[in-house]
Amino acid sequence: MGKGGSVSVKEGAVMPEDAPVNTGAVAWPDPFTASVMVREMQAKLHRWAGEDPSRRFGDLFNLVYDPAFLVHAWERVSTNKGARTPGIDKATVAMIETWVGVEAFLGQIRDLLKSGEFRPVEVRQVMIPKASGKLRKLGIPTIADRVVQASLKAVLEPIFEADFQPCSYGFRPNRRAQDAIAEIQFYGTRGYHWVLEADIKACFDEISHTALMDRLRARIKDKRACAMVKAFLKSGIMTAPGDREETLTGTPQGGILSPLLANIALSALDDHFSQQWQQEMGTRQQREKRIRRGQGNWRIIRYADDFALVVFGGQHHAEALREQVTAVLAPLGLRLAPEKTRVVHIDEGFDFLGFTIRRMRKRGTQKHYVYTKPSRKAIQANEPGGADHQPQPNAGGVGELLPARGVQGRVQRGRQPRMAAADALDTRQAPGQAPDRDERTPPSLLR
């Protein structure tokens with residue numbers, strides 16, 4: 001026996017001959033085991049974040065390339081309808097499963113992340129029609145970038161969920177648009193009759209990267225995790241003609257990480273009005289006192305970049321809130337869309353998240369109730385020939401996986417695959433936009 005109780009090699013063999021040798025091989029868990037492991041870690045992160053609102057988390061990046069998190073991320077990416085839609089490398093989930101193999105693919109991603117060599121590539125820009133007739137820009141990442149984004153989101157989301165306010169409903173676990181509508185209906189039946197219906201202009205395109213990263217670093221001190229988020233923000237856009245555009249602001253719609261990053265930035269709006277409510281209107285006595293003084297009370301209900309401020313008071317109170325909103329959004333590089341922002345009385349009715357909300361007198365009585373129903377635009381969009389029923393282009397052919405990065409494919413400017421149909425990201429072509437010629441070159445296996 002050596003000093004301190006250590007085993008001396010001279011005293012005999014310290015390892016039996018049949019003991020397993022550590023060859024550096026990764027043990028990839030099955031999807032169910034991976035999901036359980038990820039949920040357990042997320043519960044811990046959420047609990048730690050909730051117990052200490054000032055805590056800054058370090059040493060998170062090792063979770064991003066943890067086998068369980070990568071398997072869990074792959075399951076999310078591969079089971080989504082967007083699995084049929086390629087990025088600029090023209091690789092789909094089916095191609096990776098057939099030509100590369102899932103474990104080999106994830107293994108290469110893990111090695112690149114551990115070594116610090118992983119670099120996101122440009123997103124493929126797709127223009128899809130909106131119900132208004134305008135076009136919406138989507139940025140489709142490669143499968144490899146989607147896996148890393150999904151893993152990164154699984155690490156960051158439970159931390160920021162502990163900070164997000166209850167008034168936020170968009171792109172959050174166990175929350176939906178109907179919950180936001182129900183809250184507006186709740187306040188509408190309790191005297192909050194004036195509404196500032198607002199929309200942020202080009203929110204996903206104009207968010208300031210500096211402001212977003214500042215809010216991210218308030219909770220995350222792991223430099224590698226912050227650097228990876230910034231790398232995705234700065235990855236650039238590959239347009240349909242094959243031109244590369246820098247992304248100086250914004251977080252392109254279509255990425256898995258983008259909704260979380262938008263919520264992190266827009267939580268500044270939630271924090272501002274929630275703090276007002278808690279400090280000045282949190283109790284019934286405070287609210288009644290403000291009404292006697294002619295000040296009014298208000299609450300914010302937000303779903304992504306659409307939000308409404310319901311006001312107990314007069315029209316002038318709702319109008320005055322525009323200045324507050326503008327002041328909060330300005331440091332984020334954002335502004336209100338004038339054509340979609342207005343003050344309206346609930347008796348006139350207004351559209352929000354695909355529903356029309358209006359207070360009306362119940363037939364046969366003198367009582368008034370707040371009613372909700374699908375908006376006219378939502379109904380028209382779902383009718384045959386509407387925006388949600390445009391003809392779909394055929395699925396694209398086989399592209400090339402990039403051997404240069406081991407995971408991504410070689411960027412072939414000016415040659416874009418056709419877009420897949422029935423995508424969860426809704427990557428439909430705009431009317432009049434002709435699909436590119438189908439390139440059917442066999443893929444090269446990842447090295």
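Everything in this summary refers to the structure shown in the same document. Note that residues are indexed from 1 along each chain, following the sequence as it is written. For a predicted model such as this one, the threshold for reporting local features is a pLDDT of at least 70, and the threshold for listing and counting side-chain atom pairs is 80 or more; totals across whole chains, interfaces and linings nevertheless cover every residue. The basis for every side-chain value is the complete set of non-hydrogen atoms in the structure, without hydrogens or water.

## A closer look at the overall build of the chain
Then, in step 1: To qualify as a helix, a DSSP run of H or I must reach at least 4 residues; to qualify as a strand, a run of E must reach at least 2; elements of each kind are numbered from the N terminus. Helices and strands together make up the secondary structure of the chain, namely 14 helices and 11 strands.
Then, in step 2: Only protein chains enter the accessibility calculation, which uses a 1.4 Å probe; a residue whose area is less than 20% of its type maximum is buried, one above 50% is exposed, and one in between is partly exposed. Going through the 447 residues of the chain one by one, you find that 50% of them count as buried.
Then, in step 3: Residues count as neighbours in contact if any of their non-hydrogen atoms are within 4.5 Å of one another. A separation of at least 24 residues holds for 72% of the contacts in the chain among residues at least 6 apart in sequence.
Then, in step 4: Per-residue and other accessible areas follow the Shrake-Rupley method at a 1.4 Å probe size, with only the shown protein chains counted as cover for residues. Surface exposure of the chain reaches about 22300 Å², of which carbon and sulfur atoms provide 51%.

## Here's the deal with a nonpolar patch on the surface
Then, in step 1: On the surface, Met-360, Tyr-369 and Tyr-371 cluster together to form a nonpolar patch covering roughly 260 Å² of accessible area.
Then, in step 2: Structurally, the position occupied by Tyr-369 is in strand E11 (residues 368-374). Patch members must show over 30% relative accessible area and no salt bridge, and they are joined within 9 Å when carrying like charges or within 5 Å when they are nonpolar side chains of Val, Leu, Ile, Met, Phe, Trp or Tyr. Here, a salt bridge means any side-chain nitrogen of Lys or Arg that lies within 4 Å of a carboxyl oxygen of Asp or Glu.

## Here's the deal with the nonpolar core
Then, in step 1: With 103 residues, the main nonpolar core has Phe-105, Leu-113, Val-147 and Ile-220 as its most contacted residues.
Then, in step 2: Counting residues per element, this core draws most heavily on helix H6 (residues 143-161), which supplies 11 residues. To qualify as a nonpolar core, a set must consist of buried Ala, Val, Leu, Ile, Met, Phe, Trp, Tyr and Cys residues joined through side-chain atoms within 4.5 Å.

## Considering the packing of aromatic side chains
The description of two aromatic rings rests on the distance between their centres and on the angle between their planes.
Then, in step 1: Stacked, edge-to-face and tilted are the three classes for Phe, Tyr and Trp ring pairs, Trp counted by its six-membered ring, which pair at centre distances within 6.5 Å; planes under 30 degrees apart are stacked, over 60 edge-to-face, the rest tilted. Evaluation of the coordinates by the stated rule reveals 7 aromatic pairs.
Then, in step 2: Each ring, one from Phe-61 and one from Tyr-65, has its centre 5.9 Å from the other, and the planes form 75°; the classification is edge-to-face.
Then, in step 3: Phe-61 gets classed as buried once you look at its relative accessible area, which sits at 3%.
Then, in step 4: Aromatic pair Tyr-187 and Tyr-192: ring centres 5.1 Å apart, planes at 70°, arrangement edge-to-face. Each member of the pair Tyr-187 and Tyr-192 is classed as buried.
Then, in step 5: For a ring to carry a charge above it, either NZ of a lysine or CZ of an arginine must fall within 6 Å of the ring centroid while also lying within 35 degrees of the normal to the ring plane. A cation over an aromatic ring shows up here: Arg-175 above the ring of Tyr-169, its NZ or CZ 4.9 Å from the ring centre.
Then, in step 6: One cation-aromatic arrangement involves Arg-290 over Trp-298; the distance from NZ or CZ to the ring centre is 5.2 Å.

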